[in-house]
Amino acid sequence: MTFRQGPIYEVTCFVDDDVVREFDEWLEQHGREMLRLVVITDCQRLDVSGYAADRAGRVCQYLLETEDALDEFVDGPGADIEAEIAALFAD
């Protein structure tokens, strides 16, 4: 078993069924881009259910190297995630 240490930053989204395919494609690309950042050691996407029948739940977890890396991420790329999602997919 492999253990990874470091803080996790998590974003949860509930996406309308009519755009879930496009959102999933964006999320895959987004995850690859985030892994290019030195401070992120892993990025995982999880599907979740139970919010609403017409919305798909997605969780994206970012594993960061250190607490300082988390602070850097939250103040930088992490702060832009919600705005980017809203710009691309509206509500």
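Everything below is about the structure shown above.
All values derive from a computational prediction rather than experimental measurement.

A. Focus on the pattern of salt bridges. Enumeration over the complete set of coordinates arrives at six salt bridges. Asp16 serves as the salt-bridge partner of Arg55, at 3.1 Å between the closest nitrogen and oxygen. Of the two residues, Arg55 is situated in strand S3 (residues 55-64) and Asp16 in strand S1 (residues 8-16); the sequence distance between them amounts to 39 residues. We classify Arg55 as partly exposed; its relative accessible area is 26%. The salt bridge involving Asp47 is made with Arg45; its shortest N-O contact spans 2.4 Å.

B. A look at helix H1 (residues 20-35). Taking 1.5 Å per residue, 16 residues should reach 22 Å; H1 reaches 22 Å between its end C-alpha atoms and fits that length. If you check which residues of H1 are buried, you get Val20, Phe23, Asp24, Trp26, Leu27, His30, Gly31 and Met34. Along the long axis of H1, the arc covered by the buried residues comes to 165°, so they all point the same way. Residues of H1 that are exposed and point more than 90 degrees away from the buried face comprise Arg21 and Glu25. Of the surrounding elements, those touching the buried residues of H1 are S1, strand S2 (40-52), S3, helix H2 (67-75) and helix H3 (77-89).

C. Up close: the pairing of S2. Pairing of S2 with S3, which is carried by nine bridges, proceeds in the antiparallel orientation. Considered in S3, the bridge of Asp47 is made with Arg58. Hairpin geometry of S2 and S3 is characterised by an intervening segment of two residues between the two adjacent antiparallel strands.

D. Looking closely at the nonpolar core. With 21 residues, the main nonpolar core has Phe23, Ile40, Tyr62, Leu64, Phe73 and Ile85 as its most contacted residues. Listed by contribution, the elements that provide at least two residues to this core are S1, H1, S2, S3, H2 and H3. No other element matches H1, which puts five residues into this core. Residues within four places of Ile40 in sequence aside, it is in contact with Met34, Leu35, Tyr62, Leu63, Leu64 and Phe73.

Here is what the cut-offs are and how they apply
- Residues numbered from 1 in each chain as written.
- Predicted model: local features only at pLDDT ≥ 70, side-chain atom pairs only at ≥ 80, totals over all residues.
- Heavy atoms only, no water.
- Salt bridge = Lys/Arg side-chain N within 4 Å of Asp/Glu carboxyl O.
- Helix = DSSP H or I, 4+ residues; strand = E, 2+ residues; numbered from the N terminus.
- Buried < 20%, exposed > 50% of the residue type's maximum accessible area, 1.4 Å probe, protein only.
- Expected span 1.5 Å × (residues − 1).
- Arc of directions from axis to C-beta.
- Contact = heavy atoms within 4.5 Å.
- Pairing = 2+ DSSP bridges.
- Core = buried A, V, L, I, M, F, W, Y, C linked by side-chain atoms within 4.5 Å.

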